[in-house]
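# Structural characterization, general
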Amino acid sequence: MTEFTHINAQGEANMVDVSLKQDTVREARAEALVTMSQNTLTMILNGQHHKGDVFATARIAGIQAAKKTWELIPLCHPLLLSKVEINICPLPESNQVRIESYCKLTGKTGVEMEALTAASVAALTIYDMCKAVQKDIVIEQIRLLEKCGGKSGYFCVPQETINEITK
């Protein structure tokens, strides 16, 4: 079994030393789902929300969050991200919004946490903007979809589990 990398020999949390690692291209995609009422989703899609463009605000929040992950998650390294993208897809048939984040860099450590943080904060921003009209919005299924680069190599959630959501 693989050992936890953020725990030292004494069992204490510490930041991993990545100084000897080679720079490689690293990418990660993550997602989050936001479930709301049909009325709330319709309000957003019709541009009738009193706070403005909910999706545009969530997209910006997700990008900002990826850039600040190292300030939010203990032991994360500050990273020079070369790309952060947030795609927001309404799923009216299920009264959901699917958020997919993508992060990329050339560096010594991965961008999984940045992608996960971006998707999470974009979802939280949708909740924040809509809580005045609906308090029981649900944020769920925050997960890593894909990552590449680094020693651990490639990981991908099977495509059929991603497609199940978008049906």
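Rules behind the numbers
Residues numbered from 1 in each chain as written. Predicted model: local features only at pLDDT ≥ 70, side-chain atom pairs only at ≥ 80, totals over all residues. Heavy atoms only, no water. UniProt positions renumbered as here; feature names shortened; annotations may be inferred. Helix = DSSP H or I, 4+ residues; strand = E, 2+ residues; numbered from the N terminus. Buried < 20%, exposed > 50% of the residue type's maximum accessible area, 1.4 Å probe, protein only. Areas by Shrake-Rupley, 256 points an atom, 1.4 Å probe, with all protein chains shown as cover. Lys, Arg positive; Asp, Glu negative; His and termini not counted. Charge placed at Lys NZ, Arg CZ, Asp CG, Glu CD. Pairing = 2+ DSSP bridges. Contact = heavy atoms within 4.5 Å. Axes fitted to C-alpha atoms, helices over the stretch in contact; angles between N-to-C directions. Core = buried A, V, L, I, M, F, W, Y, C linked by side-chain atoms within 4.5 Å. Salt bridge = Lys/Arg side-chain N within 4 Å of Asp/Glu carboxyl O.

Identification of the protein as Cyclic pyranopterin monophosphate synthase from Volucribacter amazonae is taken from an unreviewed UniProt entry. Taken directly from UniProt, the Pathway (unreviewed entry) text for the protein runs: "Cofactor biosynthesis; molybdopterin biosynthesis." Here the protein is described in UniProt, under the heading Function (unreviewed entry), as follows: "Catalyzes the conversion of (8S)-3',8-cyclo-7,8-dihydroguanosine 5'-triphosphate to cyclic pyranopterin monophosphate (cPMP)."

### Notes on the overall build of the protein
Within the protein, the regular secondary structure consists of 5 helices and 5 strands. Counted from the first residue to the last, the protein has its helices and strands arranged as β-α-α-α-β-β-α-β-β-α. By its C-alpha atoms, the protein is 55 × 35 × 30 Å across when sized along the principal axes. Expressed as a percentage of its 167 residues, the buried residues of the protein come to 38%. Roughly 9,600 Å² of accessible area belongs to the protein as shown, and the carbon and sulfur atoms make up 56% of that amount. In the protein, which carries 17 positive and 19 negative side-chain charges, the distance between the mean positions of the two groups comes to 4 Å.

### Things to note about the sheet that holds strand 3 (residues 96–107)
The 5 strands lie next to each other as 2-3-1-4-5, forming an open sheet whose pairing is antiparallel. Here the strands that pair on one side only, and so sit at the sheet edges, are strand 2 (83–91) and strand 5 (155–156). Of the pairings in the sheet, the one linking strand 4 (residues 138–148) to strand 5 comprises 2 bridges and is antiparallel in character. Note on strand 5: the bridge partner recorded for lysine 147 is phenylalanine 155. Contacts from helix 2 (residues 54–67) reach strand 2 and strand 3 within the one sheet, and its direction differs from that of strand 2 by about 145°.

### A closer look at unusual backbone geometry
A positive phi angle is found at asparagine 95, which is not glycine, with a value near 55°. Its location among the elements puts asparagine 95 in the loop between strand 2 and strand 3. Here asparagine 95 falls in the partly exposed class, since its relative accessible area comes to 24%. Non-glycine residue glutamine 141 carries a positive phi angle of around 50°. Inspection of the secondary structure assignment puts glutamine 141 in strand 4. A relative accessible area of 34% places glutamine 141 in the partly exposed class.

### Here's the deal with the nonpolar core
Judged by nonpolar contacts, the single largest core of 30 residues is most densely connected at Val34, Met36, Val97, Ile99 and Ile126. When residues of this core are assigned to their parent elements, the largest contribution, 9 residues, is made by helix 4 (residues 112–130). If we skip the residues at most four places from it in the chain, isoleucine 126 touches Val34, Met36, Val54, Phe55, Ala58, Val97 and Ile99.

### Describing the UniProt feature "active site" (unreviewed entry) in the protein
Within this structure's numbering, the places UniProt gives as "active site" (unreviewed entry) are Asp128. Secondary-structure assignment places aspartate 128 in helix 4. Here aspartate 128 falls in the partly exposed class, since its relative accessible area comes to 36%.

### Focus on the pattern of salt bridges
Applying the stated criterion across every chain, the model contains 10 salt bridges. Note that glutamate 146 is salt-bridged to arginine 29, the shortest N-O span being 2.7 Å. Pair noted here: glutamate 146 is in strand 4 and arginine 29 is in strand 1 (residues 24–35), with a separation of 117 residues, a long-range link. Accessibility expressed as a relative area gives 17% for arginine 29, which makes it buried. Taken together, the shared-partner salt bridges connect Arg29, Glu31, Arg98, Glu100, Arg143 and Glu146 into one network.

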